[in-house]
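# Structure at a glance
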Amino acid sequence: MLPAEVLARAGDEMLDWHGTGMCVMEMSHRGKEFMGIAAEAEADLRDLLSIPPGYKLLFLQGGATLQFAQVPMNLLHGKGKADYVLTGEWSKKAIKEAKNYCDAAVAASSEDRKFTYAPKQWKVRPDAAYVHFCSNETIGGVEFHEVPSASIPLVADASSHFLSRPMDVSKFALIYAGAQKNAGPAGLTFVIVREDLLGKAEKRTPSVMDYKLQADADSMLNTPPTYSMYIAGLVFKWLKQQGGLSSIERKNIEKAKLLYDYLDSSAFFKNPVAREDRSRMNVPFTLKDSSLDGAFLKGAEERGMVQLKGHRSVGGMRASIYNAMPIEGVRRLVEYMKEFEQRHG
Ligand SMILES: *Cc1c(COP(=O)(O)O)cnc(C)c1O
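A short tour of the structure in this document, coming up. Bear in mind the structure is a predicted one, so any value in this text is a computation, not a measurement. (Residues numbered from 1 in each chain as written. Predicted model: local features only at pLDDT ≥ 70, side-chain atom pairs only at ≥ 80, totals over all residues. Heavy atoms only, no water.)

## Considerations on the sheet that holds strand β9 (residues 189-194)
- In spatial order, the strands read β1-β9-β8-β7-β4-β2-β3; together these seven strands make up an open sheet with mixed pairing. The open sheet has two edge strands, β1 (55-60) and β3 (103-109), and neither has a second partner. The sheet shows a mean angle of 20° between the axes of neighbouring strands, taken without regard to direction.
- In terms of strand pairing, β1 meets β9 through six bridges, oriented antiparallel. The residue bridging L58 from the neighbouring strand is V191, located in β9.
- Packing of helix α3 (residues 63-75) onto the sheet brings it into contact with β1, β2 (81-86), β7 (154-157), β8 (174-178) and β9, and relative to β8 it is tilted by some 160°.
- Contacting β2, β3, β4 (131-134) and β7, helix α4 (residues 89-98) crosses the sheet at an angle of about 160° to β2. (Pairing = 2+ DSSP bridges. Helix = DSSP H or I, 4+ residues; strand = E, 2+ residues; numbered from the N terminus. Axes fitted to C-alpha atoms, helices over the stretch in contact; angles between N-to-C directions. Contact = heavy atoms within 4.5 Å.)

Shown next as C-alpha cells:
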C-alpha cells in the first residue's frame, strides 16, 4: 500500500505540478523543477534516517536484485571473498548472484529450522571483503531486530522493512532497499554507502553500476527514475508528518502485536517464526487445514482484503502490513480470521 494522501496529492499534481503546466513525468531531469524535487527527496530521506556524514545516498534502478550483483562488483576490492548469512529466499538469491563474482561463503544459516529464525552467531572470515545479510526476509517473515555486530564491513538488504523503524546507519558499510515494498513505487532502489568504500569497483563494471560514478553524478549519470523519485519524495514527507521513524515504528509494533497475539491464541492459524525474530512487516501464517486456503482467500477478497496469498515457495498466507497499512486494516483481518476459525475450526 501507498498512503492515500500521497496518491491523492500525486493525482492533484498530475497535470500541473506547482503551476509549471507540466506533469513530473514530462520534466527534464536536469531542469530546475526536477532538480528541486530530487534534492528535497534526498534531504528528507537523510533527515528521516539521520544518515551521518561520510555516507552517500544514491537513487538507482534495477531493484534490489541488481544490488545482489552490484554489491560484489563494487565492494570486493580485489579480495575475491565475501561472506553471506543465509536466512531465506532473498539471501539465497543474493548468494547465488554473488557466486558469479567471488568466493561467497555462508557465515551463518537458519536452514536447519526451515528459515524460521535469525541466526545471531556468525563465522566471518577476517579476509572477506564484507558480510551480507537480509535484515528482513520478506517471504519467511524473519526480521533482525538488532543490528548484528561484525568485524568486517556489514551490508544489508533492507528492502522490506526500510523506513519501518529507525536504523543506526553508522553500523553499516552499505544498506540497500528496493523502494516498492515500503517506500514508494517500483523502479527505484536506495543505496546508502560509506564513502571510503567507493572508487574501487571491479574492472569492466558498467558505469551506471559503479557507485562512485553515480555518487559523483548525484545519481544522475543517466536519466534517473524521475516519477518514482517524486512519489518516494511524497512518501518521505508523509512519514515526517507522521512524526518520523520512531513514531511509525510504534504504530508498526502495535499493528504486528495485534496480529501475532491473535495467531498465538488460535489453534487454527499458526506462524512458524521464533517469537523474538518475527517480522513486523511480513506475517506469514498457515491454516490448520490447507485445503481451506482457497475459501479463506475468497472470503478475504469479498471483504476487500487482497494480496494475502503466501509466496509460492512457502504456501499458506502472508499479511504484509507495511507503513501505509492502517491499524484498522489489521483489525479487520483479525476479525475475519476469528470468524473463519469459528466457522471452520
Ligand atoms: C522484494 C525483495 C527483493 C527484490 O526486489 P526487486 O526490486 O524486485 O529486485 C530483494 N530483497 C528483498 C528482501 C525483497 O523483499
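## A word on the site of the ligand
- Lining the immediate environment of the ligand, one finds 13 residues, of which T65, T138, D157, Q180 and K181 sit closest.
- Here T138 contributes a side-chain N or O atom positioned 2.4 Å from an oxygen atom of the ligand.
- Relative to its unbound accessible surface of 390 Å², the ligand loses 87% to contact with the protein.
- The biggest single contributor to the shell around the ligand is α3, with four residues. (Near = heavy atom within 4 Å. Polar contact = N/O pair within 3.5 Å; in protein donor to acceptor, adjacent residues only side chain to side chain. Areas by Shrake-Rupley, 256 points an atom, 1.4 Å probe, with all protein chains shown as cover.)

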